[in-house]
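Secondary and tertiary structure notes
Read off the chains here:
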Amino acid sequence: MGFIKEFKEFATKGNVMDLAVGIIIGSAFGKIISSLVADIIMPPIGLIVGGVKFTDLKLTLKAAGADSAGKVSDAVTMNVGNFIQAAFDFLIIAAAIFLIVKVINKLKRKKVEDPPAPKVPTVEVQLLTEIRDLLQKK
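Cut-offs and rules
Residues numbered from 1 in each chain as written. Predicted model: local features only at pLDDT ≥ 70, side-chain atom pairs only at ≥ 80, totals over all residues. Heavy atoms only, no water. Helix = DSSP H or I, 4+ residues; strand = E, 2+ residues; numbered from the N terminus. Buried < 20%, exposed > 50% of the residue type's maximum accessible area, 1.4 Å probe, protein only. Lys, Arg positive; Asp, Glu negative; His and termini not counted. Salt bridge = Lys/Arg side-chain N within 4 Å of Asp/Glu carboxyl O. Contact = heavy atoms within 4.5 Å. Patch = residues over 30% accessible without salt bridge, like charges linked within 9 Å, V, L, I, M, F, W, Y side chains within 5 Å. Areas by Shrake-Rupley, 256 points an atom, 1.4 Å probe, with all protein chains shown as cover.

A separate point is the side chain of Asp-89. Tracing the backbone through its elements, the reader meets Asp-89 in helix α3 (residues 80-112). Buried charge without a salt bridge: Asp-89, with Lys-31 as the nearest opposite-charge side chain at an N-O distance of 13 Å. Those residues in contact with Asp-89, other than ones at most four positions away along the chain, are Ile-33, Ser-34 and Val-37.

On to a nonpolar patch on the surface, then. Together, Leu-57, Leu-59, Leu-61, Val-76, Met-78 and Val-80 line one region of the surface with nonpolar side chains, adding up to about 490 Å² of accessible area. Of all the secondary-structure elements, those providing two or more residues to the nonpolar patch are β1 (59-62) and β4 (76-78). Here Val-80 lies in helix α3. Its relative accessible area of 30% is what places Val-80 among the partly exposed residues.

Relative to the elements of secondary structure, Leu-36 occurs in helix α2 (residues 14-49). Between the C-alpha atom of Leu-36 and that of Ile-92, which follows or precedes it by 56 residues, the distance is 9.3 Å. Excluding residues within four positions of it along the chain, Leu-36 makes contact with Ile-41 and Ile-92.

Shown next as structure tokens:
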């Protein structure tokens, strides 16, 4: 029973739950960015380059064909376009995460930069101030 209790404490700690939420949100964020790159950014770039659809860019290493027995073999290709698409996805995700971290760090710095509380005079200074005030009254 000790193992189960220990695992339950581990799984319900705030850090583990935060990590799980972060992974789920990150996965959804990745899908949004992939769609942004594939559906919004790459079509205009392909149009500018000359109507190229990047996901269709392939280097054929071996053409498809049939051998003497009639068995059809698929073409062997390097899918360069998919790699370009993934590279753009990565760059945009990295830039977005950089901006988010930058904003969070800026907010944290503002909290630290709050003006410090006024200094409380030392006991000696308080006593000297009281003595001065008493002498002024006489």
